[in-house]
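# Per-entry structural report
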Amino acid sequence: MKENVNPFLAIKANYIQMNPAMKRIADVLLENPPKRGGYTIGMLAEKSGVSNATVTRFVRALGFENYKTFLRAIQESFEDERKGEKGLSSGQAVLYAGGFPNSRDAESVCRYVIGSEVEMLNDTLSLLDFELMEKVAEMILEARQVLFMGEGHSFLAAQSACLRFRMLGVLCNCFGDFQNMVSGVGMARPGDLAVGISNMGYSSPVTESLRHANERGIQTVAITGVKGSPVNQAADISIMTGFNYGSFSNQNQSTCYEPGSENMPQYSVIDSLYLMCVMRKDDSFLEQYYSTLALVDEKRLK
């Protein structure tokens with residue numbers, strides 16, 4: 001996570017690994033963000049149903065020295081929001097306020113779903129380390145081959161990445177199960193690049209494959225939404241993304257909602273890396289690229 005990231009993004013990045021008491025504090029802050037001076041530590045503790053000491057542990061777990069510095073960071077994030085210094089949004093509030101819709105009407109449901117998707121992308125833009133993105137783009141172009149690995153929905157993102165970068169002349173493969181991941185990494189060698197994609201960062205096959213790649217001297221990159229997750233820790237470099245906070249908050253509600261768009265931030269990161277790589281190519285490559293597209297177009301139905 002880049003320096004000076006606002007506290008609301010820090011809360012989301014650590015939310016999955018919080019205990020129930022800390023998640024209650026997080027829910028209060030994200031769904032009812034404090035303004036104009038914020039909550040006192042006692043007020044926040046009361047609203048969350050926890051002790052003052054738990055609030056103190058909460059802010060320290062996020063990397064803040066004490067509650068006073070945490071509160072100051074909150075106010076600074078609102079100042080940044082007003083000045084428009086953090087891209088699309090500083091990510092401090094849940095756009096779909098109130099969480100999962102209580103009403104079945106179409107407008108409430110659509111506002112919840114689309115609002116949560118917009119928020120994931122806003123959070124991702126605020127979290128991105130642009131120098132790191134530049135470095136990963138260079139690593140992709142310089143690698144002998146790139147191995148994209150993902151499980152479930154993240155495998156679809158891995159397939160998309162593989163398809164996109166092949167069009168740039170990058171030798172790449174994608175794997176969606178442990179046997180193929182291990183086989184791919186086992187046949188790789190230094191000079192190759194392994195990219196593990198996992199929304200929550202707890203995919204065992206992706207984690208083990210990244211570790212195996214590191215042991216073989218292969219550079220590794222993770223694209224994930226949870227700081228400190230196994231996938232995050234297994235990679236040399238991690239690109240942190242936003243995730244759908246609403247799917248994990250208030251879990252006493254039986255929502256049965258697992259959004260197909262939860263991997264949207266991964267696709268956005270892949271598209272950004274792809275365009276950065278395109279812009280590093282010369283005119284001769286572009287001619288070859290468009291001639292290849294013409295061959296593909298010939299096979300389309302007329």
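Report on the accompanying structure. Within any chain, residue numbers begin from 1 and follow the written order of that chain's sequence. Local features in a predicted model are, by the rule used here, given only for residues with pLDDT of at least 70; side-chain atom pairs are given and counted only at 80 or more, and totals for whole chains, interfaces and linings are based on all residues. Side-chain numbers here rest on the full set of heavy atoms in the structure, without hydrogens or water.

## Section: the overall build of the protein chain
Summing up its helical and strand segments, the protein chain has 13 helices and 5 strands in all. Here the protein chain holds 302 residues, and the buried ones make up 49% of them. In this description, contact between two residues means that some pair of their heavy atoms is separated by no more than 4.5 Å. Long-range contacts, defined here as pairs at least 24 residues apart, represent 72% of the contacts in the protein chain between residues at least 6 apart. Per-residue and other accessible areas were derived by the Shrake-Rupley procedure at a 1.4 Å probe size, with only the shown protein chains allowed to occlude residues. Per element, the accessible surface of the protein chain, about 15,200 Å² overall, is 51% carbon and sulfur. In this description a helix means any DSSP run of H or I spanning at least four residues, a strand means any run of E spanning at least two, and both kinds are numbered starting from the N terminus. Each residue's exposure class comes from its accessible area (1.4 Å probe, protein chains only) as a fraction of the maximum for that residue type: buried when under 20%, exposed when over 50%, partly exposed otherwise.

## Regarding helix H10 (residues 204-215)
By definition here, a helix of n residues has an expected span of 1.5 Å times n minus one. Here H10 is 12 residues long and its end C-alpha atoms lie 17 Å apart, about the 16 Å a rise of 1.5 Å per residue gives. Of the positions making up H10, those classed as buried are Pro-205, Val-206, Thr-207, Ser-209, Leu-210 and Ala-213. In the core, the buried residues of H10 are packed alongside strand E1 (146-150), helix H9 (178-187), strand E3 (193-198), strand E4 (219-224) and helix H11 (230-234). Between a side-chain oxygen at the N-terminus of H10 and the backbone nitrogen of Val-206 the separation is 3.4 Å; the capping residue is Ser-203. In the analysis that follows, any N or O atom pair within 3.5 Å is treated as a polar contact, provided that within protein one partner can donate a hydrogen and the other can accept it, and provided that, for residues neighboring in sequence, both atoms belong to side chains.

## A word on the pairing of strand E2 (residues 172-175)
Where E1 meets E2, 4 bridges bridge the pair, whose relative direction is parallel. When the sheet's bridge partners are listed, Val-146 is paired in E2 with Cys-172. Orient the strands so they point away from the viewer; a crossover is then right-handed if the path from the first strand over the helix to the second runs clockwise. Crossover E1 to E2 through helix H8 (residues 153-166) is right-handed. For two strands to be treated as a pair, DSSP must find at least two bridges joining them.

## Let's talk about the nonpolar core
Ranked by size, the top nonpolar core spans 34 residues in total, and within it Ile-140, Val-146, Phe-148, Phe-165, Ile-239 and Leu-273 carry the most contacts. Contributing elements (two or more residues each) for this core: helix H7 (130-142), E1, H8, E3, E4, strand E5 (237-240), helix H12 (264-278) and helix H13 (283-298). The leading source of residues in this core is H12, at 7 residues. Each residue touching Ile-140, except ones within four places of it in the same chain, is listed here: Val-146, Phe-165, Val-170, Leu-193, Leu-273 and Cys-277. Grouped together as the second largest cluster of nonpolar side chains are 31 residues, Met-18, Phe-64, Phe-70 and Leu-71 included. Nonpolar core, defined: a set of buried Ala, Val, Leu, Ile, Met, Phe, Trp, Tyr and Cys residues in which side-chain atoms within 4.5 Å join the residues together.

## Structural notes on the pairing of E4
Counting buried positions over the 6 residues of E4 gives 5, a clear majority of the element. Strand direction decides the pairing type here: E3 and E4, joined by 6 bridges, are parallel. Across the sheet, the residue bridging to Ile-197 is Ile-223, located in E4. With respect to chirality, the unit in which E3 leads through H10 into the neighbouring parallel E4 is right-handed. Summarising the sheet, E4 and E5 pair through 4 bridges and their orientation is parallel. Bridge pairing in E5 places Val-221 opposite Ile-237.

## Here we look at the pattern of salt bridges
The salt bridge criterion pairs a side-chain nitrogen of Lys or Arg with a carboxyl oxygen of Asp or Glu, the two atoms within 4 Å. Taken as a whole, this structure holds 9 salt bridges when the rule is applied. Note that Arg-280 is salt-bridged to Glu-134, the shortest N-O span being 2.1 Å. Of this pair, Arg-280 sits in the loop between H12 and H13 while Glu-134 is found in helix H7, placing the two residues 146 residues apart along the sequence. Take Glu-134: its relative accessible area is 39%, and that puts it in the partly exposed class. Three or more residues joined by partner-sharing salt bridges are found here, namely Lys-12, Glu-119 and Asp-123.

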